[in-house]
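Next come the chains, spelled out residue by residue.
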Amino acid sequence: MPYVLGIDVGTTRTAAAVCRLGGAGRAEPELVGLGGPGGGVATSLQLTPDGAFAVGEPGDPRCTATGFARRVGDDVPVVLGSERFPAEELTALLVLWVAGRVADREGEPAARIVLAHPAGWGPHAKDLLRGALHAVGLPEVTLLAEPLAASASFGRGPVGVFSLGGHAFGAALVRPPFELVAWADGVEQAAGADFDDLVFEHVRSALGRPFTGLDPDDPRTRGLHARLRRDCEAAKRVLSGAVETAIPVHLPSGVVEVPLTRARFEELIRPDVEQAVSVFERVVRGTPPEATALVGGSARIPLISSLLPGRVVFEAAPETTAVKGAALAGRHLLLGPDEPEPIETSVLVRDDDPLLRFPVGGSAPAPDEEFAAPPPRPPIDITPLDLPERRSVKRVVRGLAATGRSRDRDPAEDRR
């Protein structure tokens, strides 16, 4: 069945969703598993010794690229080993890998691919990425700002978008279907990873000397710190649904648990959250949104929804809102917005009753047989287009099958 593919290459994770084009009524977007935890895959590309790329696999940090999607448009290349790569090339390769995985699952390439991108991208960054996508065989990808994608499922009036992920914050005001009224990216604004650091410092202070006295050059200490940071992130997620948790610390002397309540966690992050809410309020000032959509994994923190003004809406997994909205937006671009099913109110069951005909000027209408058929239309000559040959791919991604082109492109997208 034909489908639209939405892709969100985030700073931390990459996700994909499809929206069916067949059948009647509204088609809901479906997340596509990419093999990583939670259905997505880590936004990382590891350059292998054979010159290919491995997606989402841990490896030598000197040969592994992360966070490159946010660097599209930056003249400084990403250095992997002894080679240099533009950020847009790495992003295009990851998009190609996702499109190939989904095409293998669905048995056919997508009818349209919609790629969510940061709201701050200008024409230069978008042109660079389009060129890189064309080079890997994906010339017809629609680029859509993340706030526009995220708002696709919420309301018909002005929608506020409060986005808070692991490493990025954004605020926007959107007027459906695809008008970005105002936006702001908080470059210096704290995000989820910064909240993890605050929890880490809470544990350090609680343990005191048994923790701070560890040798930082000892490999065991580095391993302990890495494990503790993962546990601090897990505690942050737990406190979105619970009022208290405990963070295990694997000291050389044994495991020690440090308690953390939601009240204490909110006390730690409140200054940063209040600053983010203040940025959002400045963005939507003058046009109160009908609803504010929370987007990003860290946006589920209860303190955020309690401080935002007006009606707040979010999905059970707000980190998937943008990618599902991208797939839904692609369906709207191809088929138009979903309309409610018409309600049958007519009581007429026949239309051939002569009593239901209303002659004008006292003359009866002529029988249907007396109307002459229109003359046939002249034939139209159709000349097939000579399409250019597809360019070869400069780099390959391990295990990636070639994908077909997506069809159609929204002309309005180029004007954004």
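Residues take numbers from 1 onward in each chain, read along the sequence in its written order. Only residues with pLDDT of 70 or above have their local features reported here, since the model is predicted, and side-chain atom pairs are shown and tallied only from 80 upward, although totals for entire chains, interfaces and linings are computed over all residues. Only heavy atoms go into the side-chain values, all of them from the structure, while hydrogens and water stay out.

Visitor: Can you tell me about the sheet that holds strand 7 (residues 64-66), naming the residues and giving the values?
Guide: At least two DSSP bridges between two strands are required for those strands to pair. Secondary structure is summarised from DSSP: a helix means a run of H or I of at least four residues, a strand means a run of E of at least two, and numbering begins at the N terminus for each. Read across the open sheet, the 3 strands follow the order 6-5-7; overall the sheet is antiparallel. What marks the edges here is a single partner per strand, and that holds for strand 6 (53-55) and strand 7. Ignoring strand direction, the axes of neighbouring strands in this sheet form an average angle of 25°. Relative to strand 7, strand 5 (residues 44-47) runs antiparallel, the two being bridged by 3 bridges. The partner of Leu45 across the bridge, within strand 7, is Ala65. Lines fitted to C-alpha atoms define the axes here, with helix axes fitted over just the stretch in contact, and angles between the N-to-C directions of these axes take values from 0 to 180 degrees.

Visitor: Describe the confidence of the model for the protein, listing the residues and the values that go with them.
Guide: Model confidence for the protein is summarised by a mean pLDDT of 83, while 78% of its residues fall at 70 or above. Between residues 340-374, whose pLDDT stays under 50, and residues either more than four places distant or in other chains, the model counts 6 contacts. Known as pLDDT, the predictor's per-residue confidence is scaled from 0 to 100. Contact definition: two residues touch when any of their heavy atoms are within 4.5 Å. Here residues 399-416 is modelled with pLDDT under 50, and outside its nearest four sequence neighbours on either side it reaches 48 contacts, counting other chains as well.

Visitor: Describe the packing of helix 4 (residues 192-207) against helix 6 (residues 219-238), listing the residues and the values that go with them.
Guide: One can describe the packing of helix 4 onto helix 6 by two numbers: an axis separation of 9 Å at closest approach and a directional angle of 110°. With respect to helix 6, the axis of helix 4 lies roughly perpendicular. The way helix 4 lies across helix 6 gives a crossing that is right-handed. Seen from helix 4, the contacting residues are Gly192, Phe195, Asp196, Asp197, Val199, Phe200 and Val203; seen from helix 6, they are His225, Leu228, Arg229, Cys232, Glu233 and Lys236. Class assignment of the residues belonging to the contact of helix 4 with helix 6 gives a composition of 6 nonpolar, 2 polar and 5 charged. Oblique is the label for any angle not under 35 degrees, not over 145, and not in the 65 to 115 range, which are roughly parallel, roughly antiparallel and roughly perpendicular in turn. By definition, turning the near helix anticlockwise from the far helix through less than a right angle yields a left-handed crossing, and turning it clockwise yields a right-handed one. When residues are sorted by character, Ala, Val, Leu, Ile, Met, Phe, Trp, Tyr, Cys and Pro go into the nonpolar class, Asp, Glu, Lys and Arg into the charged class, and all the rest, Gly among them, into the polar class.

Visitor: Mind laying out the packing of aromatic side chains, listing which residues take part and the relevant values?
Guide: Two aromatic rings, drawn from Phe, Tyr or Trp (for Trp, its six-membered ring), form a pair once their centres lie within 6.5 Å of each other, and the interplanar angle then sorts them: stacked below 30 degrees, edge-to-face above 60, tilted otherwise. All chains considered together, the criterion is met by 4 aromatic pairs. Between Phe53 and Phe85 the ring centres are 5.4 Å apart and the planes differ by 75°, which places this aromatic pair in the edge-to-face class. Separated by 32 residues along the polypeptide, Phe53 in strand 6 and Phe85 in strand 9 (residues 83-85) bring together distant segments of the chain. Taken individually, Phe53 and Phe85 each receive the classification buried, so the pair is uniform in this respect. A ring pair is formed by Phe200 and Phe211, whose centres lie 5.8 Å apart and whose planes are at 75°; its orientation type is edge-to-face. Of this pair, Phe200 sits in helix 4 while Phe211 is found in helix 5 (residues 209-212), placing the two residues 11 residues apart along the sequence. In terms of burial, Phe200 and Phe211 fall into one category: buried. Site record: aromatic cluster; members linked through ring pairs are Phe162, Phe169 and Phe280. Positioned above the aromatic ring of Phe200, the side-chain terminus of Arg229 is 4.2 Å from the ring centre. Each residue's exposure class comes from its accessible area (1.4 Å probe, protein chains only) as a fraction of the maximum for that residue type: buried when under 20%, exposed when over 50%, partly exposed otherwise. Any Lys NZ or Arg CZ that is within 6 Å of a ring centre and within 35 degrees of that ring's normal is treated as a charge sitting over the ring.

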